[in-house]
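Results of the structural survey
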Amino acid sequence: MLPGALSGLRVGCVSYLNSRPLIHGLDPADIYLEVPAVLSRSFAEGKLDAALLPVFEIFRLAAAAMADGISISCVGEVFSVFVAAKCSFAECEAIHADPSSRSSAALLRVLCAEYYRGPHVVEAPPEGDAPRLIIGDPALAFRREHKADGWQFHDLGEFWLKHTGLPFVFAAWALGERCGVDTARLLREIKQTGIAAIPEIAATTSDPAASEDYLRHKIRYDLGEQEKQAMRLFARLAHKHGLLPSERIPAFL
């Protein structure tokens, strides 16, 4: 455990498996766990000093800064952010967006507007076999439960790499005014501890082998120059298509 590592700060994190290496060793009582949309609202209201947020929300909220060197990202297939459909992606008409993450919904809208002309995104619960965007742990569960039911899984990380040649960053640490370089440094140290503990984290799940493969080979936790380039491109395209008021992204600490 790392008691007191972020003492005095109100810290929030998404409640998905892929975030656990970024908070491993911290006292669970000190971390506010929620879905991305709720975390974003709490950060915007000043109830959190640091939060692992969807990058779209970090841009939209104009956070003071982001922690350098840390992300939840992918290069190609991410496995847990996809459109589930019983047809090809091009044959989808309306895709029902998952309201729990605006980042993935914004990525889907950007992909449709910039690279695919057929599908459009609607914010309504899917009925029957209607195409739907699913993210995070519910996406992993859906894959397990429906892999033999005729569903196709159109991976957004794969689509982004195909069209841009870049990784995609789904989430990063947003830092408020009370956080500085020391906070960012501690978060990077916690990340290294968590990555080393991936086998231990995976062992607590219902399918340790699949969980370890997912955390090791699908999810990336670094935030380097290529990831920053991808973030700038995403912000520019989201602004171009009317999803963001500005293409500016916060500073890195």
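Structure's up top.
Residues numbered from 1 in each chain as written. Predicted model: local features only at pLDDT ≥ 70, side-chain atom pairs only at ≥ 80, totals over all residues. Heavy atoms only, no water.

**Notes on the packing of aromatic side chains**
Counted by the stated rule, this structure contains 10 aromatic pairs. Taken together, a centroid distance of 5.0 Å and an interplanar angle of 75° make the contact between Phe89 and Tyr116 edge-to-face. One end of the pair, Phe89, is in the loop between strand S6 (81–85) and strand S7 (94–96); the other, Tyr116, is in the loop between helix H3 (102–114) and strand S8 (120–122), and 27 residues separate them in sequence. A ring pair is formed by Trp160 and Phe168, whose centres lie 5.2 Å apart and whose planes are at 75°; its orientation type is edge-to-face. A single burial state applies to Trp160 and to Phe168, both of which are buried. Members of the aromatic cluster, joined through ring pairs, are Phe82, Phe142, Trp151 and Phe153. (Phe/Tyr/Trp six-rings, centres within 6.5 Å; stacked < 30°, edge-to-face > 60°. Helix = DSSP H or I, 4+ residues; strand = E, 2+ residues; numbered from the N terminus. Buried < 20%, exposed > 50% of the residue type's maximum accessible area, 1.4 Å probe, protein only.)

**Comments concerning the pattern of salt bridges**
For the structure on display, the rule yields 14 salt bridges. Salt-bridge contacts for Glu77 lead to Arg143; the nearest nitrogen and oxygen are separated by 3.9 Å. Placement of Glu77 in the loop between strand S5 (72–74) and S6 and of Arg143 in helix H4 (residues 136–146) is noted, with a sequence separation of 66 residues between them. Lys240 is the partner of Glu114 in a salt bridge, and the nearest nitrogen-oxygen pair spans 3.1 Å. With Glu114 in helix H3 and Lys240 in helix H9 (residues 225–240), this residue pair connects regions lying 126 residues apart in the sequence. A residue is classified by how much of its surface remains accessible, and Glu114, at 22% relative accessible area, is partly exposed. When salt bridges with common partners are traced through the structure, they connect Arg10, Asp49 and Arg178 into a single cluster. (Salt bridge = Lys/Arg side-chain N within 4 Å of Asp/Glu carboxyl O.)

**Let's talk about H4**
What H4 keeps buried is the set Gly136, Ala139, Leu140, Ala141, Phe142 and Arg143. Its buried side turned inward, H4 meets S6, strand S9 (132–135), strand S10 (152–155) and helix H8 (208–218). (Contact = heavy atoms within 4.5 Å.)

**A look at the layout of surface pockets**
Of the volumes computed, that of the largest pocket is approximately 320 Å³. Breaking the lining of the largest pocket down by element, the ones donating at least two residues are H4 and H8. Here the element with the most residues in the lining of the largest pocket is H8; it accounts for 5 residues. Broken down by class, the residue content of the lining of the largest pocket amounts to 5 nonpolar, 3 polar and 7 charged. Within this model, the second largest pocket holds a volume of roughly 260 Å³. Elements that contribute at least two residues to the lining of the second largest pocket include exactly strand S2 (31–34) and helix H7 (198–202). (1 Å grid on protein atoms, 1.4 Å probe; cavity = no way out; pocket = protein on both sides within 12 Å on 5 of 7 lines; lining within 4 Å. Points joined across faces, edges and corners; volume = space filled by probe spheres on them. Nonpolar A, V, L, I, M, F, W, Y, C, P; charged D, E, K, R; others polar.)

**Focus on the state of the cysteines**
What the rule picks out here adds up to 0 disulfides. Left unpaired, Cys112 is separated from the closest cysteine sulfur, that of Cys92, by 8.6 Å. (Disulfide = S-S within 2.5 Å.)

**Things to note about the side chain of Ser80**
Secondary-structure assignment places Ser80 in the loop between S5 and S6. Excluding its chain neighbours within four sequence positions, the residues that come into contact with Ser80 are Asn18, Ile134, Ile135, Gly136, Ala139, Leu140 and Tyr214.

**Regarding the pairing of strand S11 (residues 168–175)**
In terms of burial, S11 is largely enclosed, as 8 of its 8 residues are buried. In the sheet, strand S3 (residues 50–54) pairs with S11 via 5 bridges, with the strands oriented antiparallel. Its bridge partner being in S11, Pro54 is matched across the sheet by Ala171. Both strand S4 (residues 65–66) and S11 contribute to a ladder of 2 bridges, which runs antiparallel. Following the sheet pairing, Ala65 is matched in S11 by Leu175. Bridge count between S5 and S11: 3 bridges; the pairing is antiparallel. Opposite Ser73, over in S11, you have Val169 as the bridge partner. (Pairing = 2+ DSSP bridges.)

**Looking at the pairing of strand S1 (residues 11–14)**
Of the two faces of S1, both are covered, the one formed by Val11 and Cys13 as well as the one formed by Gly12 and Val14. Alignment of S1 against S3, held across 2 bridges, turns out to be parallel. In the sheet register, Gly12 faces S3, and the bridge partner there is Ala51.

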